[in-house]
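An overview of the molecular structure
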Amino acid sequence: MLPLCQDVVLLDAEANSAEEAIRLAGDLLVKAGKVAPEYVEAMVKGYQDIGPYIVLAPGIAIPHARPEHGVKEQCVSLIRLNQPVAFGHPTNDPVRLVCAIGGVDDTGHIGMLQELAGVLGDSGKLEGILAAASYEELQQVMQ
Amino acid sequence: MRVVTVCGMGFGTSLMLLMEVQAIAKKHGFAVDGEAVDLGSAKGKDCDFMVASGEIASELDGESVEVVAIDNLLDKQEIEEKVMPVIRRIAETKGA
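Residues numbered from 1 in each chain as written. Chains lettered and ligands numbered in written order. Predicted model: local features only at pLDDT ≥ 70, side-chain atom pairs only at ≥ 80, totals over all residues. Heavy atoms only, no water.

1. Focus on the overall build of chain A
If you tally the helices and strands in chain A, you get five helices and seven strands. Secondary structure elements in chain A, listed N-terminal to C-terminal, are β-α-α-β-β-β-β-β-β-α-α-α. For chain A, the C-alpha radius of gyration of 14 Å lies close to 15 Å, the compact-globule estimate for 143 residues. Expressed as lengths along the three principal axes of its C-alpha atoms, the size of chain A is roughly 35 × 30 × 25 Å. Taking all contacts inside chain A whose residues are at least 6 apart in sequence as the whole, residues at least 24 apart take part in 66%. For chain A, the accessible surface area stands at approximately 6,100 Å², while carbon and sulfur atoms represent 49% of it. Placing the 9 positive and 19 negative side-chain charges of chain A at their respective mean positions leaves the two points 2 Å apart. (Helix = DSSP H or I, 4+ residues; strand = E, 2+ residues; numbered from the N terminus. Rg over C-alpha atoms; globule rule 2.2 N^0.38 Å. Contact = heavy atoms within 4.5 Å. Areas by Shrake-Rupley, 256 points an atom, 1.4 Å probe, with all protein chains shown as cover. Lys, Arg positive; Asp, Glu negative; His and termini not counted. Charge placed at Lys NZ, Arg CZ, Asp CG, Glu CD.)

Set out below in structure tokens:
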């Protein structure tokens, strides 16, 4: 099961830029005590330095930084943007879902990534996530 | 044979790709070992081929091995269609 409790999910997020969207997804993890504030800065810097490759599939971005940038606990957040935002990706823009992820070592989060890929790569589940009217509905879709 | 998957930090998408490539290879009866690395460490890595997102792959055009570029990392079919011909070709070349 993905560690996605209600305090790291935001279904009606408003962001005007990729950077704002990354910060929103990251701030959820900060508030939940899973990462330090500098982790959010590292995610934004990663996006600025390395580019929009974090948009791994059409409409989906997974911003992240490295464990040493301030991850306290393996974690993932999910925000759904009311208005899609362009991240500058040639084929996968615009972005609707942003899942910020954090891991505490190089490989411990493989299981979490696999689960996330399993959910987001399932077109039925993805549709359900995009349509969910509440956190409870989202939870049902994710199971 | 050996694959190196590459992403910006060697931590997110490269790990996803490594797992997927190994699973696809296994399904077709090929053993592929490998490593997920960041872009900075990828250059000149000893391997038979590389796999990366399209964005990252374009930064790897100086490599001596083939670099497979994937657009949708959640699309198993795209990965399979792009990676399997490379795996088969390498297997033949190596006489495996």
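2. Remarks on the sheet that holds strand S4 (residues 66-70) of chain B
Residue and element names in this part refer to chain B. Spatially, four strands are ordered S2-S1-S3-S4 in an open sheet, and the strand pairing comes out parallel. Both outer strands of the open sheet, strand S2 (33-38) and S4, are each paired with one neighbouring strand and no more. The mean angle between the axes of side-by-side strands here comes to 25°, regardless of whether they run parallel or antiparallel. Pairing of strand S3 (residues 49-53) with S4 involves five bridges; the strand directions are parallel. If you follow Ala 52 over to S4, its bridge partner there is Ala 69. (Pairing = 2+ DSSP bridges. Axes fitted to C-alpha atoms, helices over the stretch in contact; angles between N-to-C directions.)

3. Remarks on unusual backbone geometry
Backbone torsion omega between Asp93(A) and Pro94(A) reads -15°, so that peptide bond is classified as cis. Here Pro94(A) lies in the loop between strand S5 (78-85) and strand S6 (95-98).

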